[in-house]
Every structure is written in C-alpha cells, then in structure tokens.
Amino acid sequence: MTELLSFEKSRPSAGAPRLPESGLSGPKPSQALPADQLRAKEPALPRLSEPEIMRHYSRLASMNYSISEQFYPLGSCTMKYNPVLNETVAALPGFAGLHPYQDEATVQGALELMWRLEQALCEVVGVERVTLQPAAGAHGEWTALRMIKAYHTSRGDTRNEVLVPDSAHGTNPASAALSGFQVVEVKSGPDGRISLPDLESKLSSRVAALMLTNPNTLGLFEREILDIAEMVHATGAMLYYDGANLNAFMGICRPGDMGFDAVHMNLHKTFTTPHGGGGPGAGPVGVKAELVPFLPTPTVERANGHFALDFKRPRSIGRVRSFYGNFGMLVRAYSYIVAMGGDGLTQASRDAVLSANYLRKQVEGDLEMPHAGPCMHEFVASAHNLAPAGVRALDIAKALLDRNFYAPTVYFPLVVPEAIMVEPTETESKATLDSFAAAIKEIVGLVKTDPQALHDAPQKLPVGRLDEVAAARRINAYLQGQSEDPVLRWKPPAN
Amino acid sequence: MLEAIGVQSMDDLLVDIPKSLRIKTLDLPAGLSEYDTMSQLSSLAARNRVFPDRLTFRGGGVYRRFIPAAVAAVTSKPEFYTAYTPYQPEASQGTLQAIFEFQTLIAELTALDVANASLYDGATAVAEAAMMAHVQTGRNEIVVAGYVHPEYVEVLRGFSEGRGIKVRKGTDPGPKTAAVIFQQPDFLGLLVDARELTEKAHAAGALSIACVDPISLAILAPPGEYGADIAVGEGQQLGLSPSYGGPHVGFISCRKELVRRLPGRLIGTAYDKQGRRGFNLALAAREQHIRREKATSNICTNHSLCALAASVYMTYMGPDGLRQVAEVSFQRAHSLAERLSALPGWELAFPDRPFLNEFPMRVPKAPALVRKLARKGILGPLEMNRWFRELKGVVTFTCTEVNDPGALDELVAAVEG
C-alpha cells in the first residue's frame, strides 16, 4: 500500500478552513501595499478537508517503523523507550506557552529548570559547566570546537589540526572542517581501539584537539584512555568527547574523570527525548574550567535564589543559535532525569551493557564478531562470513524488516567490512532480545537454503528496495536541465 | 542473562574500564514516581507566567498564532515521534513522504526549485545559506543589509569565523561579496526593497539570500519571483508553540543550480522493482555520513518532527487559509497602528515604510510602558534598544489573527490608563 501525495489528492472544492475574521474595516494588503511587493502566482499548496488530512497522515504514520511498535536496534542512535510523561510535561502551558523575550521575572521556573538540568548533566559527565544551547549532537561538536579554538587563540596559539579516529562518526570530521580545522585521521589498531603509536605520530604542536567517542563506535571501551589523555594534554591539545555513546556508563564512570575537556551529550539518545523521525534533538556541551570563559551566551546563573540569563561574558564565542536552545527538549530530558534519579540512570547504563552483551552472545554463532568482547552498550558484528554465498549486511537488514524488526546500523563504522552495529538499549526485555536473535538465526539459515529470498527482501512493506542508482540518474538529468521532473519535490502539472 | 553470557557479575562486563575511573554513584536525588515527577515539573511550570495568546503583542521572531488541533493530533502519533532518521526507507515511508511534502510546500511557498528536509532554526538557516554562497562563489564576504534579526546575525558571525568569512553591514556588495542577506519583512516588521537588493547583489556577482516570514508569503512576492537565489527562514509560525524559543524549525530552498550545495537531508522519489513509487534519501554524497570533512554541512539530526508540524499546518490552511491568516493579521496590525499613532507622544518610527503585522513605534518611556502592560496581563511590545542603540524609545508591536478586536481595545485602554 502506498499513499498519494497530499498535492495529488488536492481538490479545489475543499475550500478553506473556517478561521478568525478580522472584524475590522480597513484596506486589505492587496489594496494597501505597492504592487511590486505583492505575490503574483498563488503557491500550489493542497486544498483538503480536515478528515482527508487526518486520514492522510494516519496512513503515513502506519508506514513507519518506530520504537512504539518495533525493536529498533539502530547502533549509535540509542533508540530507547521515550517515556510518555515527557510529552505531557513539555506540553504544559507553563512551558510551551512561554515567549523567549519575556522578562526574566516571569520565567523563573524555566530558568530554574535549565539551571537544574545543567547541574545534573555536570554530575553525570564530570564537568564544570554545561551549555544547553546546541540543537543537536553535530551542533554541539561544532560549538565545542569553537570554544577550543577560542581557548588556543586566547593563548596566542594557532593550532589548525583536529585528530579524528577512522572509526568516528561522520559528523566529527565535518564539524572540525566547519570550524576551520584540518582533519587528520588516526587509525584503529587490530583490537578495534585507537592505535597509540599512530596517535603519537600525529600529535604535534599543530594539533588543537583529539575527538574521541568512548566507548568507541565498535562498542569497545578505550582501555588506554588515561594514557591517551596524558599524551594529548602533553602536547597542549584538548580532548573532546563525542557523547553519542554516553548511555554505556552513566553512574559507572565519567568522561570528565577520564581527562576529557569538552563533552557533548545527545539528549535524544541518552536522556530519552524522542528522535522525531530525525529531530529535533538537543546537544548540550559540558566543559572543564579552562573552557568556561568561552561558553556561548547567554548562560543561566543563580544568585540569591533568583535565576538570570548572563549575556555579559566578554570571552564568550557568542550564541550558536537563536534564543536558549531547544527548550522543549530540555524539559523532557529533565523530566526523565528527575524520574530516574542517580540510581535509575546508573541502572539504565548497567542494563544497556547487559542487554548488548547478552544479545552479542546470542548471535555470535551466526555472525562474525571481529573484535573480542565484552562490549559496552552496543556491538559491531560483521556479515563478512556470508559474503562467499553472496549475502551482504544489507540483505540481513532488509530481511529483518520483514520480520517486524527495524534494522541495525549497517556499513558503519567504516573500519569493519559488512558491519552490522546493534544497540539494544536497556528498555528492551529479554524476550525481545531472544526473538531478535532467533530472527537472525533464521535469516542466516536462509543463506544456504534460499539466498534469493534475502535478496528479495523486504516483501511485506509498502515498497520493496528502491532503485537509488536510477533515482540519482533522474536527479542528475534534472539538475543538468535534461528533464523537467525535479525528483526532489512534487511539481504542479504544466498548464 | 549473566550466566548466558558466561560471566559471574556485571563487573566482569566492565573490566575494560580502569578501576581508578569507576565511580560508586551519581550525586543526584533518588528517582521519583511518575506522580511525584509530574508534581515537581508542574510546580516549575507554575513559576512561569503565561500571557494569554490574545493579549500577546510581542514578536521579534516568535509569534502566537492559531494552531489547528490537527497539528498536535498528527505530531503526537508515536509512529512519527518515536521513529528515527529514515536510513531504512522501506520501513520509513511515512516520515520520508511527509518530508518530501514539506520540501514541496516550502519550495512552493518561496517559489524556488528545491527545499531541504529542515534545519535547526532561522538563525542557523541564515548561516548555512551564507556558507553555500561562500562555496559557490569562492568569495569571503557576506553583506547583511538592514535590520536582520540580531540573533541570526550573531550566529552567522560565529559560523563565518571558522571559515574565514567576513560579515559586514551595508547595502553595497563588492567584488569580494559572496552574498547579500536581507530579511523580508525585516526585524522591525518593515518591508525592504527585496528586488533592488537582489539586483545589486547580482550586479556584483554575489548571490541574493532572502530570510523570509513564511506566513507573509501568502501575500508578499516570494524570493523566487524577484530572483533571489536562496530563501531561508524560521518556521515557528507554521503550527509550533513558542516553547521559550524552541524547538522550532529552519527552512532553506534554492535555485536548481545550487542544489548540490544544500546542507542536510534531501528526500526524493525512487521506484522499486514492481514500479511502486517510494521516497528515499537523495544526493547523500553531500552529507557528513558519506563525505565526512568534505560535506556541505555537519548537520545530521535536523528538525523533522517540527517540519511535520509545519506540513500539517500548511496543508490544513491551504492557499486560501494561509492568505486569510496573513490578511487578518495585516488588518489588525494596521488598525492598532492607527489607534496608537493617535495617542499623544506616540508615532510610527518609520511612517513612510510599509509593514505587514509587526511595526515599530516611537513611544514615551518604553520600559515603563512595558511594565505597566505586564501588570495588566498584557505581554507588551519589544524594546529595540536592547540591540540597536539608534532605536532608543522604539518598540515593535505584533498582531496576528489571535489578537481579536476586543484585545486591541484592551491594549489601547491599558496604554491610556
């Protein structure tokens, strides 16, 4: 079943919804404004009645896999259950109805929430201060790198390189480049962890920072982290923590204690704000004392029981987005932290590690495990062992979809061929993990008996595998003026 | 489970963590029941003052508008809000098609060829557009014309610093200028001459970037009609609550020739073997997860759910509804401006400049006025000298379809009282 586009269903007779009338006399804009300021051609927005609109979106909703209905073991994304209480709280008029330019005296509850959230996040990751402003993880990375750059500049130090492991998320090198740094890649060793000799060879007085995920994207704890921190700091560089995998060790250990100077967190991963089909998220950044002067403005300060926004921070890098961050997501994350408490957060991480190791054990007979365990909150398997039969990681992923599981992250990290990255999270039951392992076993069984069935998957979804090559060709044709079909949007039929 | 794994205790799974790093506990309060959590959060919410929609006359980038119930009914569907980035298209057609429709709605509204899946907010959208212009032209200067939202300009400066781009104010692009950026209507609510600024930009070999109010485009000439190359803006007015400034949604659209420079996600149509039409991530080779340091932007998570809200809003309104909302706001604002101008000592700050539904007034004792209105339950105008020294005594009022004629009477009475 597929669904027509709203534009294709549009019918002129649907008219307009009933809306407030102005109730005032006076000219309309078309009479009052200069003609050259007016729109010539009406935008082709659809005309549909409310029942048609609601049915349209209900059908679209039914075409999605989501945490609410499926196990969603998407590695590196921490697809844990999003407590429904979070949604209720964020919708309270006392939060959702606040204008960002209200006077401070009228938003004391909001500022206190932000202040308390900052305190809690400082405790979880072991830092001095946290900015809540960045809108997402990548935005947090960029914010932190700008602070690091400002720090070095303030010391008269013009360092222009950032080191990034070959197993890092793509956002790391992209954020470094956007901040004006040269990206230098550091290799992983055979055990999947960063290669210390390679790191040593790349450290120099030109290096501003090393960006590191711990546990790394292979789900392995960087055992030598204290040595790494010492090496990095000895050259005057800073150590940056990519918090994508923070769910592995809340209450067990802390990036700040490991020597990280700047730490970003994904509230939409670790702290259960929903992923929304690709955002909005929130990517707060925590820093140690030497980076505090460079935090974005405004910060939230408390004095004599009163909360205030502090804009007067002369060494600040300035704001990184409008207003004060994705406040609605901050409310959700704070609600989660209050409900969980210190004990609950610790238990969550322990359970996440337990789930990942359990599932890893259940599937290790079926898929290759390129690195020795134990893993932390996720593991990376490989479908390399199935390659001789012509079956690839992608086939496994698609076959899982037919069995009502969302697929793990595939082909990442890049250092593992045919990678299948599985992050079960703490909110899944043993029964769910067992059924997923059984599905893997059944699928791998088909490699010998019916590999074609795997190539043909998925069969039970609204569409089968889409031809990306043909789609790219059609886009090229459009961009080069050889075709009228824009591919990237619907276009009204030519009159 | 430990037994199945083949270990004795949880600690056996944590052996890779150096002992010196292990902590016993987090210094945070113990967890609470749902009831107690709700109580605690509700008491924080109760310590904020919420002004009624109809008595809110403050804008400055975030506006109170009527939000159809359909918006929350759709965005609160867990199939939408608990899904993630559609890496597996077959199991994500709902999100993908919704984004494809969003791209089309924005492209139609701005009258440009292609829009992306969304950005964080208006400020970062402006900055991303400037980066596109920098790469496209190979030039290192951005000219900001007129009163562009000061927070957008601050974010633009931050983005530019990393790339070695100079940002300056003016209306005179030169041979080094990559783009001229203007806001329509501007931060004060006034209309700018978008055609002239676009012509000037093009004459200097620079791009024209229009930062637009999406509701205004039901009435005003859209960027595509006056030849702008990139349109960006803040989509909060399209069905999103103010929420103390976020999450909202940034949008960006451009001419066909610039599509490969667009930041972030793009969704396109694709077909399966049976010829069924589906939707999929397109031109992904621009993005960070493929291109790494050579990507057009670092953005990954964007504001998909907010884009969905905006799509529901625009679909609900249709072209006629959107025009009515814009017209009613226009008439209310003009009526209010007329009444306020008649007060002794009050005058329009720029009487010759047309505006839509936000306008600057020069008033006696602005801070006292704002305080007085707050005491009467009204969220009054925004003081401009917070950002612009030359605008001391100037405040901006905003009216939309939620400020009914009775609310205007209350405001005027409160001012006079």
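On a predicted model such as this, the values are computed, not experimentally measured, just so you know. All residue numbers here refer to positions counted from 1 along the written sequence of the relevant chain. Lettering for chains starts from A, numbering for ligands starts from 1, and both go in the order in which the items are written. Selection of residues for local features in this predicted model requires a pLDDT of at least 70, selection of side-chain atom pairs for listing and counting requires 80 or more, and totals for whole chains, interfaces and linings are taken over all residues.

Novice: Before we go on, may I ask you to explain the overall build of chain B in this structure?
Specialist: A tally of regular secondary structure across chain B gives 13 helices and 13 strands. The principal-axis extent of the C-alpha atoms belonging to chain B is close to 85 × 55 × 50 Å. Exposure in this text rests on C-beta crowding, where 20 or more other C-beta atoms within 10 Å of a residue's own make it buried, 12 or fewer make it exposed, and counts in between make it partly exposed. The C-beta atoms are placed from the backbone. When burial is assessed residue by residue, chain B has 62% of its 417 residues classed as buried. By the convention adopted here, residues are in contact when the distance between their C-beta atoms, placed from the backbone, does not exceed 7 Å. Across chain B, every contact between residues at least 6 apart in sequence was considered, and the portion connecting residues at least 24 apart equals 72%. Helix numbers and strand numbers start at the N terminus; a helix is a DSSP run of H or I with at least 4 residues, a strand a run of E with at least 2.

Novice: What am I meant to see in the overall build of chain A here?
Specialist: Secondary structure summary: chain A contains 16 helices and 12 strands in total. Computation of the radius of gyration draws on C-alpha atoms, with the globule rule given as 2.2 Å multiplied by the number of residues to the power 0.38. Taking 2.2 N^0.38 as the reference for a compact globule, 495 residues should give roughly 23 Å; the C-alpha atoms of chain A span a radius of gyration of 26 Å, in line with that estimate. Oriented by its inertia axes, the alpha-carbon framework of chain A measures out at about 75 × 70 × 50 Å. Look at the contacts in chain A between residues 6 or more apart in sequence, and 70% of them connect residues 24 or more apart.

Novice: Help me understand the packing of helix H3 (residues 50-62) of chain A against helix H11 (residues 304-341) of chain B, please; the structure alone is not making it clear to me.
Specialist: Helix packing for two helices is described by the angle between their axes and how far apart those axes are. The convention used is that axes are lines fitted to C-alpha atoms, helices contributing only their stretch in contact, and that angles between N-to-C directions extend from 0 to 180 degrees. Close contact between H3(A) and H11(B) brings their axes to 10 Å; oriented N to C, the two are set at 155°. In terms of orientation, H3(A) and H11(B) fall into the roughly antiparallel class. Here H3(A) runs over H11(B); the crossing is right-handed. For the pair H3(A) and H11(B), the contacting residues are A:Glu50, A:Ile53 and A:Tyr57 in the first and B:Val312, B:Thr315 and B:Tyr316 in the second. For this classification, the nonpolar set comprises Ala, Val, Leu, Ile, Met, Phe, Trp, Tyr, Cys and Pro, the charged set comprises Asp, Glu, Lys and Arg, and every other residue, Gly included, is treated as polar. When grouped by side-chain class, the residues that make up the contact of H3(A) with H11(B) number 4 nonpolar, 1 polar and 1 charged. Each angle gets one of four labels, with under 35 degrees taken as roughly parallel, over 145 as roughly antiparallel, 65 to 115 as roughly perpendicular, and the rest as oblique. Handedness of a crossing is defined here by the sense of rotation of the near helix relative to the far one, left-handed for an anticlockwise turn of less than a right angle and right-handed for a clockwise turn.

Novice: Honestly, the sheet that holds strand S12 (residues 382-383) of chain B in this entry has me stumped. Any pointers?
Specialist: The pairing of strands in a sheet happens through backbone hydrogen bonds and is either parallel or antiparallel. Residue and element names in this part refer to chain B. At least two DSSP bridges between two strands are required for those strands to pair. Strands sit in the order S10-S11-S13-S12 across an open sheet of 4 strands; the sheet is antiparallel. Two strands bound the open sheet, and with one partner strand each, they are strand S10 (347-348) and S12. Two elements, S10 and strand S11 (residues 358-362), share 2 bridges in a ladder whose sense is antiparallel. Bridge pairing in S11 links Glu-347 to Arg-362.

Novice: Sorry, what's going on with the domain arrangement of chain A here?
Specialist: By a frequent convention, interface size equals the accessible area lost on bringing the separate parts together. If you check the domain split of chain A, you get domain 1 (6-62) and domain 2 (85-340). Relative to domain 2 of chain A, the C-alpha centre of domain 1 of chain A lies at a distance of 42 Å. For the domain bounds, the source is a domain assignment made automatically or taken from a database.

Novice: Would you explain the interface of chain B and chain A in this entry?
Specialist: Across the contact, 158 residues belong to chain B and 163 residues belong to chain A. Sort the elements by how many residues they give to the side of chain B that touches chain A and H11(B) lands first, with 23 residues. Here the residues of the side of chain B that touches chain A are counted per class, giving 77 nonpolar, 48 polar and 33 charged.

Novice: Is there a simple way to explain the nonpolar core in this structure?
Specialist: Considering soluble globular proteins, one finds that nonpolar side chains tend to be buried as a cluster. Here a nonpolar core is just a set of buried residues of the types Ala, Val, Leu, Ile, Met, Phe, Trp, Tyr and Cys, joined wherever their C-beta atoms sit within 7 Å. Of all hydrophobic cores here, the largest spans 300 residues; its most connected members are A:Tyr240, A:Ala262, B:Ala130, B:Ile181 and B:Ile209. Sort the elements by how many residues they give to this core and H11(B) lands first, with 20 residues. Among residues more than four places away in sequence, those in contact with A:Tyr240 are A:Ala144, A:Ile148, A:Ala209, A:Leu210, A:Met211, A:Leu212, A:Phe260 and A:Ala262.

Novice: Explain H11(B) to me, please; I cannot follow it from the model alone.
Specialist: Since the α-helix packs 3.6 residues into each turn, any two residues three or four apart lie on the same face. Residue and element names in this part refer to chain B. Given the number of residues in a helix, its expected span is that number minus one, multiplied by 1.5 Å. Taking 1.5 Å per residue as the helical rise, H11 with its 38 residues ought to reach 56 Å, whereas the 42 Å between its terminal C-alpha atoms falls clearly short. Throughout, bend refers to the angle between the axes fitted to the seven residues that end at a position and the seven residues that start at it. Of all the bends found along H11, the most pronounced is centred on Gly-318 and spans about 95°, while Pro-319, a proline, follows it within four residues. The element H11 is extensively covered by neighbouring structure, given that 32 of its 38 residues are classed as buried.

Novice: What am I meant to see in the domain arrangement of chain B here?
Specialist: All names here are of chain B. Looking at the assigned domains, one finds that chain B contains domain 1 (53-66 + 319-416) and domain 2 (71-310). Taken together, the 21 residues of domain 1 in the interface contact 17 residues of domain 2. In terms of residue count, H11 provides more of the side of domain 1 that touches domain 2 than any other element does, 5 residues in total. Residues that form the side of domain 1 that touches domain 2 fall into these classes: 13 nonpolar, 2 polar and 6 charged.

Novice: Would you mind showing me how to read the sheet that holds strand S10 (residues 379-382) of chain A here?
Specialist: Residues and elements named next belong to chain A. What the 3 strands build is an open sheet, ordered S10-S12-S11; its pairing is antiparallel. Each edge of the open sheet carries a strand with a single partner, namely S10 and strand S11 (409-410). Note: S10 against strand S12 (residues 419-422), 4 bridges, orientation antiparallel. Across the sheet, Ala-381 pairs through a bridge with Ile-420, a residue of S12.

Novice: I'm lost on the environment of B:Ser304 in this one. Help?
Specialist: Within the element layout of this structure, B:Ser304 appears in helix H11. Each C-alpha atom, one on B:Ser304 and one on B:Ala98, is 9.1 Å from the other, the two residues being 206 residues apart in sequence. Excluding anything up to four places from it in sequence, B:Ser304 contacts A:Gly276, A:Gly277, A:Gly278, A:Gly279, B:Thr95, B:Ile99, B:Ala117 and B:Ser118.

Novice: Even after reading the chapter, I still don't get the pairing of strand S9 (residues 306-310) of chain A, so can you show me in this structure?
Specialist: Side-chain direction in a regular strand flips from residue to residue, so the side chains alternate between the two faces of the sheet. Residue and element names in this part refer to chain A. Where strand S8 (residues 299-303) lies against S9, 5 bridges are found, and the strand directions are antiparallel. Residue pairing across strands places Thr-299 opposite Asp-310, the latter belonging to S9. Where S8 folds back onto S9 in an antiparallel hairpin, the turn is made up of 2 residues, including Asn-304, whose phi is positive at roughly 50°.

Novice: Help me understand helix H12 (residues 327-363) of chain A in this model?
Specialist: In this model, H12(A) (37 residues) spans only 40 Å end to end at C-alpha, well below the 54 Å of a helix rising 1.5 Å per residue. Bending of H12(A) peaks at approximately 95° at the position of A:Gly341.

Novice: Just to check I follow, could you spell out unusual backbone geometry for this structure?
Specialist: Across residues other than glycine, the phi torsion is negative in most instances, and most of the peptide bonds are trans. Residue A:Asn214 is joined to A:Pro215 through a cis peptide bond whose omega torsion reads -5°. Within the element layout of this structure, A:Pro215 appears in the loop between strand S4 (207-213) and helix H10 (225-234). For the bond running from B:Gln184 to B:Pro185, omega is -10°, close enough to zero to count as cis. Non-glycine residue B:Ser118 carries a positive phi angle of around 135°. Along the chain, B:Ser118 falls in the loop between strand S1 (114-115) and helix H7 (122-137). Residue B:Ser118 is classed as buried on the basis of its C-beta count, with 30 C-beta atoms lying within 10 Å. Even without being glycine, B:Arg292 reaches a positive phi, approximately 50°. Its location among the elements puts B:Arg292 in the loop between helix H10 (288-291) and H11.

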